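# Understanding the architecture of this molecule
Residue strings, one per chain:
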Amino acid sequence: MVKYLFVMLSFCGFVACGSGAQQSSATDVQQSEKESKKEVKIKSKFNKDTAFAFLKKQCDFGPRVPNSAAQKACASYLAAELKRFGAEVTVQEAKVKAYDGTMLDMKNVIGCFQPEKQDRIIFFTHWDSRPYCDNDDNKDNHNKPVMAANDGASGTAVLLELARLMQQEAPNVGVDIVFLDVEDYGAPSFAKGQYKDDWCLGTQYWGAHPHYTYKPKYGILLDMVGGRDPLFAIDIVSQQYAGFVVNKVWSIAGSLGYGNTFVYREGGNIMDDHYYINKLTQIPTMDIIDFKEGRGFPDTWHTANDTPENIDPNTLQMVGDVVVTTVYRE
Ligand SMILES: [Zn+2]
């Protein structure tokens, strides 16, 4: 994941700040609470072991850095998995320019489930690995790629498990899954110079060339959803652009007993893929991202420790339950 700009500490400040198009109201919250109590019967349940296996498999290719053999192999794997689970699959390929002028082969892997349905929702996550462990305490690691078990493979794993469940039991709503590439190739902390829009290159490309025929009514982005002792709070971009989705998702999390992890308070001003998605496509899109006041992103973020050993499958389970319930309640 990318970066945060600043953190506003008070919840009051947060509410006063949410002046965007999707300001939440008491009615929205009541509506969300009603929805979260809706009876939903799902035959198949999200399985954290299967999800962890999807995560491990991606890491077994090695760091999925753009232009690497691991990137190519993993893109084929992701496309094949989505196809196996019944999606109509497209791989959006293009050359994009990195902050340092390097031309990168970008591969956004997209799966459409029940493409004939006009009523649709969309999920996003980035699947690429950052080429620099530039947040590592050991400077020798700064030019080494991140394994990206959490920051890349975790969201992808949760959405592959969702795809597997949707093949067993189709939801009422059409679902698009977008695995975004070249999210994490932004200028490293040791680079000199000022750069603009150097992160989320796959997302910026997708936003300019969206794949859909029927525009999804809202979107959910997952980023770093497999760490230990996580905290999912509400970032400012999500609240401003997609307040009604935030209310829906957080009340579902509460109804599942995850209210201590999905806390209803502000979680910083985070520049992630959802910023570009909201700006470029106007699909109200929120982010589920692990960010804690004081700590910031997980300790493994952009370090050599972002490996499968530091993943907690119970976190995948929590996020997976929330995602699956959201889909099948539509
Ligand atoms: Zn990252």
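Residues numbered from 1 in each chain as written. Predicted model: local features only at pLDDT ≥ 70, side-chain atom pairs only at ≥ 80, totals over all residues. Heavy atoms only, no water.

In this section: the packing of helix α6 (residues 201–208) against helix α8 (residues 273–281). Interhelical geometry of α6 versus α8 gives an angle of 15° and a closest axis separation of 9 Å. Taken together, α6 and α8 sit at an angle that is classed as roughly parallel. In the packing of α6 onto α8, the handedness of the crossing is right-handed. Where α6 approaches α8, its residues Thr203, Gln204, Trp206, Gly207 and Ala208 are matched on the opposing element by Asp273, Tyr276, Ile277, Leu280 and Thr281. Broken down by class, the residue content of the contact of α6 with α8 amounts to 5 nonpolar, 4 polar and 1 charged. (Axes fitted to C-alpha atoms, helices over the stretch in contact; angles between N-to-C directions. Helix = DSSP H or I, 4+ residues; strand = E, 2+ residues; numbered from the N terminus. Parallel < 35°, antiparallel > 145°, perpendicular 65-115°, else oblique. Left-handed = near helix turned anticlockwise from the far one by under 90°. Contact = heavy atoms within 4.5 Å. Nonpolar A, V, L, I, M, F, W, Y, C, P; charged D, E, K, R; others polar.)

In total, this model carries 14 salt bridges according to the counting rule given. For Arg84, the salt bridge is made with Glu81, and the minimal N-O distance between the two is 2.8 Å. With Arg84 and Glu81 both in helix α4 (residues 69–84) and 3 residues apart, the pair spans about one turn of that helix. We classify Glu81 as buried; its relative accessible area is 10%. One salt bridge in this structure joins Asp105 and Lys95, with 2.8 Å as the shortest N-O distance. One end of the pair, Asp105, is in strand β3 (residues 103–113); the other, Lys95, is in strand β2 (residues 88–97), with 10 residues separating them in the sequence. Classification of Asp105 as partly exposed rests on a relative accessible area of 24%. Each of Asp119, Lys217, Lys248 and Glu330 takes part in salt bridges that share partners, so that together they form one network. (Salt bridge = Lys/Arg side-chain N within 4 Å of Asp/Glu carboxyl O. Buried < 20%, exposed > 50% of the residue type's maximum accessible area, 1.4 Å probe, protein only.)

With that settled, the discussion passes to the packing of helix α5 (residues 149–168) against helix α9 (residues 313–328). The geometry of α5 relative to α9 is characterised by a closest axis approach of 10 Å and an angle of 45° between their N-to-C directions. The angle between α5 and α9 falls in the class oblique. The hand of the α5/α9 crossing is right-handed. On α9, the residues that touch Ser154, Val158, Leu162, Leu165 and Met166 of α5 are Leu316, Val319, Gly320, Val323, Val324, Val327 and Tyr328. Within the contact of α5 with α9, the residues separate by chemical class into 10 nonpolar, 2 polar and no charged.

Moving on: the packing of aromatic side chains. If you walk through the whole model with that rule in mind, you get 14 aromatic pairs. With a centroid separation of 6.5 Å and an interplanar angle of 70°, the aromatic rings of Tyr99 and Tyr132 are classed as edge-to-face. Taken together, the positions of Tyr99 in the loop between β2 and β3 and Tyr132 in the loop between β4 (120–126) and α5 put the pair 33 residues apart, joining distant regions of the chain. Per residue, the accessibility class of Tyr99 equals that of Tyr132, and both read buried. Considering the side-chain rings of Phe291 and Phe297, the 5.3 Å spacing of their centres and the 75° angle between planes classify their relative orientation as edge-to-face. (Phe/Tyr/Trp six-rings, centres within 6.5 Å; stacked < 30°, edge-to-face > 60°.)

Between the first and last C-alpha of α4 there are 23 Å, a value that for 16 residues agrees with the 22 Å anticipated at 1.5 Å per step. Within the sequence span of α4, burial applies to Ala70, Gln71, Cys74, Ala75, Tyr77, Leu78, Ala79, Glu81 and Leu82. At its buried positions, α4 is contacted by α3 (48–60), β2, β3, α5 and β5 (174–180). After α4 finishes, the residue Gly86 shows a positive phi value of roughly 100°. (Expected span 1.5 Å × (residues − 1).)

Ordered in space as β2-β3-β5-β4-β6-β10, the 6 strands form an open sheet in which the pairing is mixed. Here the strands that pair on one side only, and so sit at the sheet edges, are β2 and β10 (285–289). Taken over all neighbouring pairs, the strand axes of this sheet differ in orientation by 20° on average, direction set aside. Bridge count between β4 and strand β6 (residues 218–223): 5 bridges; the pairing is parallel. The partner of Thr125 across the bridge, within β6, is Leu222. The sheet strands contacting α6 are β2, β3, β4 and β5, and the helix crosses β2 at an angle near 115°. Helix-sheet contacts for α8 involve β4, β5, β6 and β10, and the interaxial angle to β10 is about 175°. (Pairing = 2+ DSSP bridges.)

Here we come to the side chain of Thr261. Structurally, the position occupied by Thr261 is in the loop between α7 (236–255) and β8 (262–266). Apart from residues lying up to four places away in sequence, Thr261 is in contact with Pro230, Leu231, Phe232 and Met318.

Glancing now at the confidence of the model for the protein. On average, the protein scores 90 in pLDDT, and the residues at 70 or more come to 88%. When the criterion is pLDDT under 50, residues 5–24 qualifies, and its contacts beyond four places in sequence or with other chains add up to 40 contacts. (pLDDT = per-residue confidence, 0-100.)

The element β3 is largely enclosed, with a buried count of 9 among its 11 residues. By the bridge criterion, 10 bridges tie β2 to β3 in an arrangement that is antiparallel. Considered in β3, the bridge of Lys95 is made with Asp105. Hairpin connection between β2 and β3: a loop of 5 residues separates the two successive antiparallel strands, and Gly101 in this loop has a positive phi of roughly 90°. Of the pairings in the sheet, the one linking β3 to β5 comprises 5 bridges and is antiparallel in character. Directly across from Phe113, in β5, lies its bridge partner Val175.

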